[in-house]
Amino acid sequence: MSLNYTWEKLFVAVLGMAKSDESLQDRLVGAHLSFHTLRDEDFPEGELRKSFQEIMYALTLRPAREDKGTVRASTRLMRNKEAGELVEKIVSLYDEVAQLHGAEGQLGK
C-alpha cells in the first residue's frame with residue numbers, strides 16, 4: 001500500500017487548518033472536506049486506522065439537521081476544548097502518516 005494519496009489529503013487538511021482564521025469547529029469542517037475521500041483501507045491496519053476511524057466518528061456523530069450535513073451538525077455542538085483535541089488528533093495522524101510516507105520513499109516503494 002502506498003501512503004502517497006493518504007499523506008496528500010491529510011497534508012491539505014492540516015495546512016488548511018493552520019492557515020485558517022475561522023473557529024476550530026469551522027477548521028474541522030474544512031479539514032473533513034480535504035480528506036473525506038479517505039477510507040479505512042487507505043491506512044495500515046492498527047493504530048493509524050483506529051485513529052482515522054475515531055476522527056471520522058467524531059466528525060459524523062450527529063445526524064444531519066435542516067440544511068446542515070452531519071459534519072457541520074457534529075462540529076457545531078463541540079466545545080472549543082473538544083474541537084481543539086480533534087484538531088490535534090488530525091495533526092498527529094498526519095505526522096504519523098508523513099513519517100511512514102517518508103520511510104516508504106527511502107525504501108523505494
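Above this text is the structure in question.
Residues numbered from 1 in each chain as written. Predicted model: local features only at pLDDT ≥ 70, side-chain atom pairs only at ≥ 80, totals over all residues. Heavy atoms only, no water.

Caption draft 1: Expanded view of a nonpolar patch on the surface. On the surface, a nonpolar cluster with roughly 230 Å² of combined accessible area is contributed by Phe11, Val12 and Leu15. Residue position: Val12 is located in helix 1 (residues 4-19). (Patch = residues over 30% accessible without salt bridge, like charges linked within 9 Å, V, L, I, M, F, W, Y side chains within 5 Å. Areas by Shrake-Rupley, 256 points an atom, 1.4 Å probe, with all protein chains shown as cover. Salt bridge = Lys/Arg side-chain N within 4 Å of Asp/Glu carboxyl O. Helix = DSSP H or I, 4+ residues; strand = E, 2+ residues; numbered from the N terminus.)

Caption draft 2: Highlighting the environment of Met78. Within the secondary structure layout, Met78 lies in the loop between helix 4 (70-76) and helix 5 (80-107). On the basis of relative accessibility, which here comes to 6%, the residue Met78 falls in the buried class. With 54 residues separating them along the chain, Met78 and Leu24 place their C-alpha atoms 9.3 Å apart. (Buried < 20%, exposed > 50% of the residue type's maximum accessible area, 1.4 Å probe, protein only.)

Caption draft 3: Up close: helix 2 (residues 24-35). End to end, helix 2 covers 17 Å across twelve residues, agreeing with the expected 16 Å (1.5 Å per residue, within 8%). Looking at helix 2, one finds that the buried residues are Gln25, Leu28, Val29, Ala31, His32, Ser34 and Phe35. (Expected span 1.5 Å × (residues − 1).)

Caption draft 4: Focus on the packing of aromatic side chains. If you walk through the whole model with that rule in mind, you get three aromatic pairs. Pairing Trp7 with Phe11 gives two aromatic rings, centres 5.4 Å apart and planes at 15°, and the pair type is stacked. Taken as a pair, Trp7 and Phe11 lie in helix 1 at a separation of four residues, close to a single helical turn. Given a relative accessible area of 33%, Phe11 falls into the partly exposed group. Site record: aromatic cluster; members linked through ring pairs are Trp7, Phe11 and Tyr94. (Phe/Tyr/Trp six-rings, centres within 6.5 Å; stacked < 30°, edge-to-face > 60°.)

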